[in-house]
Amino acid sequence: MFERLIMLEKGKVSTSISNIRKRHKLITSISTDIILENEAGWSVPSFTNIGEIYNVKKQDKCEDCPLMCIPCGYCLHSFTCLDNSVQSNMCKHIHLVCRKLKEIVMVHEEPDYCGDLVIETTNSKKEQEKTDLISDLKQKSISANDLRQKINAMSQDVMRSANSCSSISKLKSVYKLLQQANNILLEDTDQNKFSIVKPSNEPSNKKITVQRYASTKKKSGRKQNILSKPSVTESKTFMLSFIINKI
């Protein structure tokens, strides 16, 4: 709802509306005498290709169509043309036909096709829509004073009901509920909303967590042969075998 209200206030122009205005400016210097009326509608010669004719036909007029050419007084869907069908926009031939119709209306002084009437109607509808949106927003929004008045009126109703009530259990239940409501009003909700962290004076490089040392040296799969010192008996046996081999 807010987005729609902003768009109405700013008067946002879409790409299609911009293209419609550009094409309308292109035909301002072209004479409408080149248009020939036929049974189906109007024949408009091409502005670029000599000998090429475009047939423009009248369609039912749209209501509340946003793709409106204000100077012409017609929307994109009011006429059909081959160029219009291909480009999906209000072509120059349609703009020229609209200007021709407007010239005829001005001669006969018929205000039905007047572009100013379209402008006034469109603006009045926008103003009415903005008024309706603002009234809806006012109804949906409620102020703190309105809430206080409602609480005051409700508290008076509770007092009247309590004076006529004889049930102790009901009165105790109402008393507990009123205590809870009062605690909600007195509660400081902003106190614990954010936790404050005290800054530390310790250097940043001291805050690094010590990592475990992992050796990257590749371990060999072979076992090393460790020589041990021979005993006395092993030494004597070795010496005897060595002497015998010498003999």
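One structure accompanies this document, and this report is about it. (Residues numbered from 1 in each chain as written. Predicted model: local features only at pLDDT ≥ 70, side-chain atom pairs only at ≥ 80, totals over all residues. Heavy atoms only, no water.)

Our focus in this paragraph is the nonpolar core. Core analysis: the largest hydrophobic core is formed by 20 residues, its most contacted members being Trp-42, Val-56, Phe-79, Met-90, Ile-94, Val-97 and Cys-98. Elements supplying a minimum of two residues to this core: strand 2 (42–45), strand 3 (53–58) and helix 4 (92–108). In terms of residue count, the dominant contributor to this core is helix 4 (5 residues). Ignoring any residue separated from it by four or fewer positions in sequence, one finds Val-56 in contact with Ala-40, Gly-41, Trp-42, Val-44, Phe-79, Thr-80, Cys-81, His-93, Ile-94 and Val-97. (Core = buried A, V, L, I, M, F, W, Y, C linked by side-chain atoms within 4.5 Å. Buried < 20%, exposed > 50% of the residue type's maximum accessible area, 1.4 Å probe, protein only. Helix = DSSP H or I, 4+ residues; strand = E, 2+ residues; numbered from the N terminus. Contact = heavy atoms within 4.5 Å.)

Our focus in this paragraph is the sheet that holds strand 6 (residues 79–80). Ordered in space as 1-2-3-6, the 4 strands form an open sheet in which the pairing is antiparallel. One side of each edge strand has no neighbouring strand; the edge strands of this open sheet are strand 1 (36–37) and strand 6. Here 2 bridges tie strand 3 to strand 6, and the two strands are oriented antiparallel to one another. Bridge pairing links Lys-57 to Thr-80 in strand 6. (Pairing = 2+ DSSP bridges.)

Following the criterion strictly, the structure yields 2 aromatic pairs and no others. Between Tyr-74 and Phe-79 the ring centres are 5.2 Å apart and the planes differ by 70 degrees, which places this aromatic pair in the edge-to-face class. Put simply, the rings of Trp-42, Tyr-74 and Phe-79 touch in pairs and so form one group of aromatic residues. Sitting above the plane of the Phe-79 ring, Lys-58 keeps its charged end 5.5 Å from the centroid. (Phe/Tyr/Trp six-rings, centres within 6.5 Å; stacked < 30°, edge-to-face > 60°. Lys NZ or Arg CZ within 6 Å of the ring centre and 35° of its normal.)

Below, the discussion takes up helix 2 (residues 15–26). Helix length check: helix 2 (12 residues) gives 17 Å between terminal C-alpha atoms against 16 Å at 1.5 Å per residue, within 8%. Within the sequence span of helix 2, burial applies to Ile-17, Ile-20 and His-24. End-on view of helix 2: buried residues confined to an arc of 60 degrees, all on one side of the axis. Exposed side chains of helix 2 directed beyond 90 degrees from the buried face belong to Thr-15, Lys-22, Lys-25 and Leu-26. (Expected span 1.5 Å × (residues − 1). Arc of directions from axis to C-beta.)

Pairing between strand 1 and strand 2: 2 bridges, direction antiparallel. Paired with Glu-37 across the two strands is Trp-42, which belongs to strand 2. Linking strand 1 back to strand 2 in an antiparallel pair, the connection comprises 4 residues. Pairing of strand 2 with strand 3 involves 4 bridges; the strand directions are antiparallel. When the sheet's bridge partners are listed, Trp-42 is paired in strand 3 with Val-56.

With respect to the secondary-structure elements, Thr-32 resides in the loop between helix 2 and strand 1. Only 2.9 Å separates the side chain of Thr-32 from the side chain of Glu-103, close enough to count as a polar contact. Discounting chain neighbours no more than four positions away, the residues touching Thr-32 are Leu-96, Arg-99, Lys-100 and Glu-103. (Polar contact = N/O pair within 3.5 Å; in protein donor to acceptor, adjacent residues only side chain to side chain.)

As a further point, take the side chain of His-95. Inspection of the secondary structure puts His-95 in helix 4. Residue classification places His-95 among the buried residues on the basis of a relative accessible area of 0%. Here the side chain of His-95 touches Ile-20 through a polar contact of 3.4 Å, landing on its backbone oxygen. When residues no more than four places from it in sequence are discounted, the contact partners of His-95 are Ile-20, Arg-23, His-24, Ile-27, Cys-69, Cys-72 and Met-90.

Let's shift gears to the pattern of salt bridges. For the structure shown, the criterion picks out 2 salt bridges. Linking Glu-103 and Arg-99 is a salt bridge whose minimum nitrogen-to-oxygen distance equals 3.7 Å. Residue Glu-103 and its partner Arg-99 are both found in helix 4; the two are separated by 4 residues, about one turn of the helix. You can call Glu-103 partly exposed: its relative accessible area is 33%. When the shortest N-O distance is used, the salt bridge between Arg-160 and Asp-157 registers 2.2 Å. Of this pair, Arg-160 and Asp-157 both sit in helix 6 (residues 144–163), 3 residues apart, which is roughly one turn of that helix. (Salt bridge = Lys/Arg side-chain N within 4 Å of Asp/Glu carboxyl O.)

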